[in-house]
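# Structural features, examined
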Amino acid sequence: MTAESHSSQPSLAAAGEALLSLRNIKKSFGGVQALRGASIEVARGEVTALVGDNGAGKSTLIKVVMGVHTPTSGSIVFEGQEISVPNPEAARGRGIEAIYQDLALVGTFDLAQNFFLGRERMKSYLGGLIRVQDKAGMRKEALEVLTKRVGIRIGNPYANAYVMSGGQRQAVAIGRAIHTDARLIIMDEPTASLGVEETDRVLTIIERLRDQGLTVLMVSHNLEHVFRCADSIAVMHRGEVNAQVPTNAVTRQDIVARIMGSRSVS
């Protein structure tokens, strides 16, 4: 690959239509500048990986997208329109869902309760005088989504999340995002703390989502997983995206060099 100029702007992947564009995003916390003008394109229907060393700004950048942090400056363009994301509810209202490492599952809740958390379906009796959760209906719908779209079976849907495997909990969180008709799913270290078999299962789920036309932004430290799933890779270093390149155009050594701050790829 030819050497690139030492411009502050990253080389952008020649991807398809961008679902999400972050343009020159800056974010300061007091005197600390966490983001120094980060720009990234997330192509519709593709998996974009965001990589970088600890402290590079990855978490801050995705929290800007999710409305956890308000950018100091810069613009967020989603589905062709510049938007503001003042809070996580606003992000979810636009079809942007995030799956964090803690998964936001309630350990004492079963599959249906976690899947419909905050969106519980109710049944009415006696002309609406009595309303109770439709647990059977919610359970059936959750199992259909997990089986047909996520491609995973839950052995005991009555068990609480504490006894589910890590891969099953990840699948439930992913299925919940799909069920809300998310247009962009952000995954923060989706294979963290999983064993080999469960890691492979989660990576297969990510590939399955792409095959269904969903758009995924995946934050990961594991380059093996990134090269397996991602269509393009954006590299962060010290609060900037110093490159975004098609996965099939680079090697792992190229990406490691970028993570360490190099602006040239040989």
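Described in the following lines is the structure provided in the data block. (Residues numbered from 1 in each chain as written. Predicted model: local features only at pLDDT ≥ 70, side-chain atom pairs only at ≥ 80, totals over all residues. Heavy atoms only, no water.)

### A few points about the overall build of the protein
A tally of helices and strands in the protein yields eight helices and twelve strands. Taken over C-alpha atoms, the radius of gyration comes to 20 Å for the protein, in line with the 18 Å a tight globule of 266 residues would show. Based on the C-alpha atoms only, the size of the protein along its principal axes is roughly 70 × 40 × 35 Å. Taking all 266 residues of the protein together, 48% fall into the buried category. Taking as baseline every contact in the protein between residues at least 6 positions apart, the subset at least 24 positions apart corresponds to 66%. Counting only carbon and sulfur atoms, one obtains 47% of the accessible surface of the protein, whose full area is about 12,500 Å². Across the protein, 30 positive and 27 negative side-chain charges occur, with their mean positions spaced 4 Å apart. (Helix = DSSP H or I, 4+ residues; strand = E, 2+ residues; numbered from the N terminus. Rg over C-alpha atoms; globule rule 2.2 N^0.38 Å. Buried < 20%, exposed > 50% of the residue type's maximum accessible area, 1.4 Å probe, protein only. Contact = heavy atoms within 4.5 Å. Areas by Shrake-Rupley, 256 points an atom, 1.4 Å probe, with all protein chains shown as cover. Lys, Arg positive; Asp, Glu negative; His and termini not counted. Charge placed at Lys NZ, Arg CZ, Asp CG, Glu CD.)

### Describing the sheet that holds strand β2 (residues 32-43)
Ordered in space as β2-β1-β4-β5, the four strands form an open sheet in which the pairing is antiparallel. Every interior strand has two partners, whereas the edge strands, β2 and β5 (81-83), have only one. For this sheet the average axis-to-axis angle between neighbouring strands, irrespective of direction, equals 25°. Note: strand β4 (residues 73-78) against β5, three bridges, orientation antiparallel. In the sheet register, F78 faces β5, and the bridge partner there is Q81. Helix α1 (residues 58-65) contacts β1 (18-29), β2 and β4 of the sheet and is inclined by roughly 115° relative to β1. (Pairing = 2+ DSSP bridges. Axes fitted to C-alpha atoms, helices over the stretch in contact; angles between N-to-C directions.)

Limitation: the analysis is restricted to geometry and does not speak to function.
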